[in-house]
Amino acid sequence: MTGFFSLSKHSSPPHASSQSTTHKFSDTLMEDTLKNAEEIIKRWDLDESSSNLFQDNRTEAKQFLDAVIDLQHAMQFVVKESSTSQLLVRAQNLMKIAMKRLQKEFYTILAGNRYFLDSESGSRESTRSSGSDEDQGSEDDNAEIEARFAEISIADEGEKVSVAVDLKAIADCMIEAGYGKECSKIYELNRKSVIEETLYYLGVENICPSTVQKMEWKDLEKKIKIWLNAVKVAVSTLFYGERILCDQVFSISDSIRESCFTGIAKDSALTLFTFPEMVAKYKKLSLEKMFRILDLYDSISELLSEIEVIFGFDSTVAVKSQALTSMAKLRDAARAMLAEFESAIKKDSSKVVAGGGIHPLTRYVMNYLIFLSDYSGPVSDIIADWKAVVKSPLPESYLLSPIADDGDSPSCIVSVRLTWLILVLLCKLDGKAGFYGDVPLSYLFLANNLNYVVSKVRQSSLKLLLGPDWLSNHESKVEQYMANFKRMGWRSVMTSLPENSTAEISPAEAKECFCKFGLSFEETYWKQRSWVIPDPKLRDEVKISLAKKILSAYRPFYHKYGEKVAWMESGGGVESILRFAPDNVQNYLSDLFHGSSENSSTTSSSHGSSSRSTPTWSSPPQGR
């Protein structure tokens, strides 16, 4: 016991002994770590070796990273226990050598895989040169772009994964060593230039609003087509791929992966999504340009969910906001053009066409509406909360919707709007019909134009939007118009014959009937010879109906009294009385409603000129 106390009395305090032991341990740990790390790190000192570590010796690359990580851990331990250790100076110098090597390796891997193993990257520039051609916006070009990016994305997946793993391993090591800023700067500079070059290859340009305003529409439309082809590839392949890669490489640090992706993609994405807003504000927009506006709106709308995911960081919210702003501006422009379209129909001042044919207004409006029906998705979005005030003296049947019970559905919203626009057209045509000054011709005009409307609906996607009830009601209206035309246009011919064509009358009365029939038939024939029924099926139906009705009365009358009148007029002049045999009537009727050569086409003098506020209806709308 005495010896024990004697020993204790002359020994150091317990805490001093413990501290000394820890210092020795940390020094020993650092010595061993430095010894192991120096061997491989100095072997790959940039001043000593110009080779590529990860490319030339992957086994040593792993050993190099392990050595750096061990060194970092040892340094952290020593700093806590003995911050004044001279071994830290050696370790820090060695760490600097290692970081320089890793920075070079990181840059080399990025630079060597800029387009992620695109073996045909040299063909990019040659393909880019075709962007000036007029067909740049064609589907073939779009397919070529997507195919080329598909090649990039599937090229040697194993090697691609290996590249991403190497980048992540280096990034993890540098970030843990406190060199995250240097690592992210290298990454950001490289990948930012890749995005900018790829967008340039796709034809996306950074254009200022004033430049857009000064462009002719044909030049701006070319850029719109290029943008439409580029945006899906840019979002779904380029930005999506960069987001995935950035998340993978910098998975160890949420702040770095966000700041990196923001620095890489934000400016380019804003450039991409600002262009549609500039188009929406184009001062020379007109009705024919509506469909390019809808194309732009539809493209962003289809990609919006992807945009929200890809640019989901707080620091990239401006990109989502810009996409939504562009959609809002495009929506406003489309609404303005729809309102202008309706107003232009109401204000149309062009005269009626010769012969009761199809009015240019009818052709234009229906072609326009057919194009609109192909855009039912974006149109329903655009007019969803834009209610039209529908006031019309016409029957409610004109506004029948195929899905009237579900008035808030997109299809129903578009259906009601299109039905209303057709109603506006029909009301305008009804007013124009009165300008003919000939009631039968007015009815023929209405029948022809409504039949054209019905045919266009039946042959297009309008049929699905307007529904069978709408078609049935308007087909009946065509029949009613045509019945009025036949009844009023051929009344004098029909009333020239007795109600009962086989009833007994005197030869003198028969002679008078033949005279009246001949005169009225000839007069009606020559009047209607310049009239036209453009639809061959409707034209044949009308001629067959007229022939059946006229000849059913005239043929038996002719056979019963023709010879008697001829015998009574044997002295001469019978030809002026019996002017038309039944077969002749049939032949004359078959010659009708083709329109004469000088009147069958619409000329500027026949339908007048439009006021400045009225569009040139002969110009067809431009669709997808």
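Residues numbered from 1 in each chain as written. Predicted model: local features only at pLDDT ≥ 70, side-chain atom pairs only at ≥ 80, totals over all residues. Heavy atoms only, no water.

An unreviewed UniProt entry lists the protein chain under the name Exocyst subunit Exo70 family protein, from Solanum stoloniferum. Of the protein chain, the UniProt comment under Function (unreviewed entry) reads exactly: "Component of the exocyst complex." Under the UniProt heading Sequence similarities (unreviewed entry), the entry covering the protein chain gives this text: "Belongs to the EXO70 family." (UniProt positions renumbered as here; feature names shortened; annotations may be inferred.)

(A) Structural context of the overall build of the protein chain. Scanning the protein chain for helices and strands turns up 25 helices and zero strands. Classification of the 624 residues of the protein chain by burial places 48% in the buried group. Residue pairs in contact within the protein chain that sit at least 24 positions apart in sequence constitute 84% of those at least 6 positions apart. When the accessible surface of the protein chain is totalled, it reaches about 30600 Å², and 51% of it is carbon and sulfur. (Helix = DSSP H or I, 4+ residues; strand = E, 2+ residues; numbered from the N terminus. Buried < 20%, exposed > 50% of the residue type's maximum accessible area, 1.4 Å probe, protein only. Contact = heavy atoms within 4.5 Å. Areas by Shrake-Rupley, 256 points an atom, 1.4 Å probe, with all protein chains shown as cover.)

(B) Spatial organisation of the environment of F311. With respect to the secondary-structure elements, F311 resides in the loop between α13 (290-310) and α14 (317-347). Spatially, the C-alpha atoms of F311 and E258 are 9.7 Å apart, while their sequence positions differ by 53 residues. The residues contacting F311, other than those within four sequence positions of it, are F239, R243, F261, A265, A269, T316, V319 and K320.

(C) Summary view of the packing of α13 against helix α15 (residues 360-374). Packing of α13 against α15 leaves a shortest axis separation of 11 Å and a crossing angle of 0°. If you check the angle between α13 and α15, you find them roughly parallel. Across from M290, F291 and L294 in α13, the residues of α15 making contact are Y368, F371 and L372. (Axes fitted to C-alpha atoms, helices over the stretch in contact; angles between N-to-C directions. Parallel < 35°, antiparallel > 145°, perpendicular 65-115°, else oblique.)

(D) Quick look at unusual backbone geometry. Although it is not a glycine, F593 adopts a positive phi angle of roughly 70°. Its location among the elements puts F593 in the loop between α24 (582-590) and α25 (604-607). On the basis of relative accessibility, which here comes to 0%, the residue F593 falls in the buried class.

(E) Structural view of the state of the cysteines. Per the stated rule, a full pass over the model turns up zero disulfides. Left without a disulfide partner, C183 is nearest to the cysteine sulfur of C260, which lies 7.3 Å away. Relative accessible area serves as the criterion here: at 0%, C183 is assigned to the buried category. (Disulfide = S-S within 2.5 Å.)

(F) Spotlight on the packing of helix α21 (residues 507-528) against α24. Running from amino to carboxyl end, α21 crosses α24 at an angle of 15°, the nearest separation of the two axes being 11 Å. With respect to α24, the axis of α21 lies roughly parallel. Along this stretch, α21 crosses α24, giving a crossing that reads as left-handed. Contacts from F517, F521 and Y525 of α21 reach α24 at V585, Y588 and L589. (Left-handed = near helix turned anticlockwise from the far one by under 90°.)

(G) The nonpolar core, seen in detail. I41, F106, Y187, F239, F250, L369 and L372 are the most contacted members of the largest nonpolar core, which totals 178 residues. A total of 15 residues in this core trace back to one element, the largest contributor, which is helix α11 (residues 217-249). Not counting residues within four places of it along the chain, the set of residues in contact with F250 comprises F106, A171, I175, C183, S184, Y187, I256, R257 and C260. (Core = buried A, V, L, I, M, F, W, Y, C linked by side-chain atoms within 4.5 Å.)

(H) Structural view of empty space enclosed by the protein. Taken as a whole, this structure holds two cavities of 30 Å³ or more when the rule is applied. By volume, the second largest cavity is sized at about 80 Å³. Here the lining of the second largest cavity is composed, by residue class, of five nonpolar, one polar and two charged. (1 Å grid on protein atoms, 1.4 Å probe; cavity = no way out; pocket = protein on both sides within 12 Å on 5 of 7 lines; lining within 4 Å. Points joined across faces, edges and corners; volume = space filled by probe spheres on them. Nonpolar A, V, L, I, M, F, W, Y, C, P; charged D, E, K, R; others polar.)

(I) Layout of the packing of aromatic side chains. Enumeration according to the criterion identifies 29 aromatic pairs in this entry. Here F261 and F311 contribute two aromatic rings whose centre-to-centre distance is 5.7 Å and whose plane-to-plane angle is 45°, an arrangement assigned as tilted. Of the two residues, F261 sits in helix α12 (residues 254-280) while F311 sits in the loop between α13 and α14, which places them 50 residues apart along the sequence. Like F311, F261 is buried. Summarising the aromatic geometry, the rings of Y443 and Y481 are spaced 6.3 Å apart at their centres and angled 40° between planes, so their arrangement reads as tilted. Taken together, the residues span a long stretch of sequence, with Y443 in helix α18 (residues 439-458) and Y481 in helix α19 (residues 462-489) at a distance of 38 residues. Under the relative-accessibility criterion, Y443 is labelled partly exposed at 24%. Among the residues examined, Y481 registers a relative accessible area of 12% and is labelled buried. An aromatic cluster of at least three residues, connected via ring pairs, comprises W490, F514, F517, F521, Y525, W526, Y554, F557, Y558, Y561, F580 and Y588. (Phe/Tyr/Trp six-rings, centres within 6.5 Å; stacked < 30°, edge-to-face > 60°.)

(J) Seen up close, α11. Its 33 residues give α11 an end-to-end C-alpha distance of 44 Å, which sits within 8% of 48 Å, the value for a rise of 1.5 Å per residue. Along α11, the sharpest kink reaches roughly 45°, centred on A234. (Expected span 1.5 Å × (residues − 1). Bend = angle between axes of the 7 residues up to and from the residue.)

(K) Molecular detail of the environment of D45. Turning to its location among the elements, D45 is positioned in the loop between α2 (14-43) and α3 (53-56). Residue classification places D45 among the buried positions, given a relative accessible area of 15%. With 52 residues separating them along the chain, D45 and I97 place their C-alpha atoms 6.0 Å apart. Once you skip the residues sitting within four places of it in the chain, D45 turns out to touch I97 and R101.

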